There are 2 protein chains.
Amino acid sequence: MKRAKLSDREERILRSVIECHIKTAKPVSSSAVVRNRSVPVSSATVRNVMRSLEEKGLILQPHTSAGRIPTDAGYRYYVDNVMEPRNLTEQERADLEGGFASLATGDLGAVVAGVSRMMSDFARQLAVTVAPSGEREVIEQVKLVSLETDRILAVATTRAGLTRSAVFELGREEVGGKLADAAALVTEWLSGTPVGDAERTVKSRLGAVPEPTRRVIAALLATSPRLFRLRGAERVHYEGARYILRHPEFSHNAAFIGEIFDDEEALADLVRGHAESGGVSVTIGGENPKKEMKHMSLVVGSYRIGGTFGQMGVIGPTRMRYGRLVGLVDYVSEILDELFSGRGRRTRRSPDKAADGDRG
Amino acid sequence: MKRAKLSDREERILRSVIECHIKTAKPVSSSAVVRNRSVPVSSATVRNVMRSLEEKGLILQPHTSAGRIPTDAGYRYYVDNVMEPRNLTEQERADLEGGFASLATGDLGAVVAGVSRMMSDFARQLAVTVAPSGEREVIEQVKLVSLETDRILAVATTRAGLTRSAVFELGREEVGGKLADAAALVTEWLSGTPVGDAERTVKSRLGAVPEPTRRVIAALLATSPRLFRLRGAERVHYEGARYILRHPEFSHNAAFIGEIFDDEEALADLVRGHAESGGVSVTIGGENPKKEMKHMSLVVGSYRIGGTFGQMGVIGPTRMRYGRLVGLVDYVSEILDELFSGRGRRTRRSPDKAADGDRG
DNA sequence: CTTAGCACTCTCTAGCCGAGACTGCTAAGA
DNA sequence: TCTTAGCAGTCTCGGCTAGAGAGTGCTAAG
């Protein structure tokens, strides 16, 4: 629902109220707005304008004869029409970029953890990163390596250059020297198949395979949850609990925050679904589907690995510095895209190398 | 500092005060103790005994004319002399054992996460699990597998049956067909060496190796942090934030709890150093080195993988159900030891298999 | 040594008051 | 018509008081 455009003066006053409230966490009085010099009029005039802003639902008084605080709609107007997404300074960009280069280890779990950590440190807010589901990542090949007596390492690589591995156990006599055959066969089946379909594909082809090889593939199949699926901790990572818990406004629903921390799925759901398109999405207070979140806002962006999107974002009180955070998320999403798609995405380089390249 | 043994009546009254306080979170009055039927005397007598318990420093009054609450020393006496570590029921044991069997995937990170989750669910408290450092795990072999054009997978296995892997990049022409040679050489160097010494050992031997092989080993060496060291999230895991945040007594130092959540090292430090000996260790309130923890207690136990110990424990308010938690931690430590040492630790089975075996 | 009884202390809640902070309104001025 | 000074009105907040309730310590009797 689009709101009518405000007059210039209304906009200035709305802005002043919001920015002052973000700083002080207190209701903003007409005289405070005048003191800010955001508008060259008297407090009585400001009061009149505030009244009209209140009628439009953009600000409200907690009680008669208090100052005004922004409503969700007020923040929404501010985010959409008033604020300037703050571009990061050269220094800040350099710091972030340096950090990302050093966390590039090729291991998705470490990347996800590192992104959260850096965003959280920068924003001084809770940050969450969700890895792409990987379901639509396309498999390149599967290898089987005999480790010792009876243990076998299965390694799957994807077109985007990620690697997953898992160990399983099978007696040497059961393998009957058919390890390489089994790997070649599975690679033939799966090459070009999305990870999400791997299990089904192998299952459907298994029947036609003669016995010693078949046993090997069956054992491989049993490990597929480990080989093809990401564990919770590898898929979702948050950082910055201290910031959100420090906010006095959250001490009352600390229990909800605790539940979020414990439930990776819930956490992922919060940021998933926003910003698949590549922009930065801001969700304010009551716009959130979860009612427990009605005093929190989300700033979420996305990045892309191979064919699928992951998300990263910042969660804080509605009273947050939107301009700064939008700038941050935007820049991080840019860096991550660079990191994973490399220069022209056919080069099929491992993420660490891409980063090393960027740096030196 | 050992305290004098209390009389039977004193002990009963101390116990009554503590157990009632644990239930209600409120100061316990003399009449409440009488109501509990823990002692067949009048409230006036109870008051006299309470006075002497107060002189001994085991309980105190928040203010004149309030009931008594236990001091840390009171809890300490209770834990050491009064409470019965509650053994788990058959049902509870079965539940836990079932859970552990299902989480056995051979991946240390998943085990650590799963142990925390189960303990937390059971105890309804924050639970923390620390993986053994692995520094003293002994390497068995190192393999190198060529993945595609220019990527190589390094796999290290240890005597205890854990596997770590990492990918690095090296052009085919640079390898010069010496991949197998390099792996054999490194295995020869490292077989029997503790993981913690691996990097140093390889570095010191590298000089004497002729060139094409040398390049390969040098590249391998560059990946060693990934290959031989555990990432934070794999090493420490907590679960049950919701429980600790739900406690009203913690809302005031929520900030500290947030910091704990954010800092895996701090979390690990809290439980490390307790209970290397195999027993269950209880740390109560002010006994804790960190002053922020002066209203929290820890119940910690240890388990063993290969040569080193990991810890797992429960963190909650001093007002916690010690008997139950000691029983839990004790049982979990027993299960984990079984899971990882298998039947006779020379069988060198991967953890998942050991668990599968236990189950059926 | 135990216990009934009682005076005493301290907390907790509700209610009240005055100070302070802002507002809305009104009426005068540009 | 818009702006502004001035003022009355409203609401919060902190401090204060009073009364009820809870629980103790003490005393003296059993």
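Everything here concerns the structure above.
This is a predicted model, so every value here is computed, not measured.

A. Representation of the packing of helix α1 (residues 8–24) of chain A against helix α3 (residues 43–55) of chain A. Residue and element names in this part refer to chain A. One way to put it is that α1 packs onto α3 with a least axis distance of 10 Å and a crossing angle of 90°. Relative to α3, α1 is oriented roughly perpendicular. Within the contact between the two elements, α1 uses R9, E10, I13, L14 and V17 and α3 uses T45, V46, V49, M50, S52 and L53. For the contact of α1 with α3, the per-class residue count stands at 7 nonpolar, 2 polar and 2 charged.

B. Spatial organisation of helix α15 (residues 264–271) of chain B. All names here are of chain B. The buried fraction of α15 amounts to 6 of the 8 residues, a majority that puts the element mostly inside the structure. Buried within α15 are the following residues: E264, A266, L267, A268, L270 and V271. Residue D263 occupies the N-cap position of α15, its side-chain oxygen lying 3.0 Å from the main-chain nitrogen of E265. Within two residues after α15, G273 carries a phi angle of roughly 90°, on the positive side.

C. Highlighting the pairing of strand β9 (residues 296–305) of chain B. All names here are of chain B. With 9 of its 10 residues buried, β9 lies for the most part within the structure. Of the strand pairs in this sheet, strand β8 (residues 281–284) and β9 are connected by 4 bridges, and their pairing is antiparallel. Counterpart to S281 in the pairing with β9 is V300. Bridging between β9 and strand β10 (residues 308–317) involves 10 bridges; their strand directions are antiparallel. What sits directly across from M296, in β10, is P317.

D. Region of the structure containing the interface of chain A and chain B. Across the boundary between the two partners, chain A contributes 46 residues, which contact 46 residues of chain B. For the pair chain A and chain B, the summed buried area comes to about 3700 Å², and 50% of that belongs to carbon and sulfur atoms. With its nearest N and O atoms 2.4 Å apart, the salt bridge here joins A:R242 to B:D262. At the level of elements, α6 (108–123), β4 (139–148), β5 (151–158), β6 (163–169), β7 (236–239), α13 (241–246), α14 (254–262) and α17 (351–359) of chain A are the ones that each hand at least two residues to the side of chain A that touches chain B. For the side of chain A that touches chain B, a count of residues per class yields 14 nonpolar, 13 polar and 19 charged.

E. View of the pattern of salt bridges. Evaluated as defined, the whole model comprises 41 salt bridges over all chains. Here A:E92 makes a salt bridge to A:R86, at a shortest N to O gap of 3.0 Å. Judged by its relative accessible area of 15%, A:E92 is buried. Residue A:R86 is classed as partly exposed on the basis of its relative accessible area, which comes to 29%. Measuring nitrogen to oxygen at the nearest pair gives 3.2 Å for the salt bridge that ties B:R15 to B:E84. You can see B:R15 sitting in helix α1 (residues 8–24) and its partner B:E84 sitting in the loop between α4 (72–82) and α5 (90–103), a full 69 residues away along the chain. For B:R15, a relative accessible area of 26% gives the class partly exposed. A single network of salt bridges, built from pairs that share partners, joins A:R235, A:E265, A:D269 and A:R272.

F. Region of interest: the environment of B:G161. Within the secondary structure layout, B:G161 lies in the loop between β5 (151–158) and β6 (163–169). Sequence separation of B:G161 and B:I139 is 22 residues, and the distance between their C-alpha atoms is 9.5 Å.

G. Examining the protein's contact with DNA strand D more closely. Near DNA strand D lie 19 residues; those nearest to it are A:R9, A:S42, A:T45, A:T64 and B:S30. Counting only the atoms of DNA strand D that lie within 4 Å of the protein, the sugar and phosphate share comes to 75%. Taking A:S42, its main chain carries an N or O atom lying 3.0 Å from a phosphate oxygen of DNA strand D. The separation between a phosphate oxygen of DNA strand D and a polar side-chain atom of A:T45 is 2.5 Å. Contributions of two or more residues to the surface near DNA strand D are made by α3 of chain A together with α3 (43–55) of chain B. No other element matches the 4 residues that α3(A) contributes to the surface near DNA strand D. Considering only residue class, the surface near DNA strand D consists of 3 nonpolar, 11 polar and 5 charged.

H. Representation of the sheet that holds strand β4 (residues 139–148) of chain B in the model. Residue and element names in this part refer to chain B. One open sheet holds the 3 strands; their spatial order is β4-β5-β6, and the pairing between them is antiparallel. The open sheet has two free edges, formed respectively by β4 and β6, since each of these has just one partner strand. Within this sheet the neighbouring strands show an average axis-to-axis angle of 20°, counted without direction. Of the strand pairs in this sheet, β4 and β5 are connected by 8 bridges, and their pairing is antiparallel. Each residue of the ladder has a partner; that of V142, found in β5, is A156.

Quick notes on the rules
Residues numbered from 1 in each chain as written. Chains lettered and ligands numbered in written order. Predicted model: local features only at pLDDT ≥ 70, side-chain atom pairs only at ≥ 80, totals over all residues. Heavy atoms only, no water. Axes fitted to C-alpha atoms, helices over the stretch in contact; angles between N-to-C directions. Helix = DSSP H or I, 4+ residues; strand = E, 2+ residues; numbered from the N terminus. Parallel < 35°, antiparallel > 145°, perpendicular 65-115°, else oblique. Contact = heavy atoms within 4.5 Å. Nonpolar A, V, L, I, M, F, W, Y, C, P; charged D, E, K, R; others polar. Buried < 20%, exposed > 50% of the residue type's maximum accessible area, 1.4 Å probe, protein only. Polar contact = N/O pair within 3.5 Å; in protein donor to acceptor, adjacent residues only side chain to side chain. Pairing = 2+ DSSP bridges. Buried area = accessible area lost by both parts, 1.4 Å probe. Salt bridge = Lys/Arg side-chain N within 4 Å of Asp/Glu carboxyl O. Near = heavy atom within 4 Å.

Any link to function would need more than the numbers given here.
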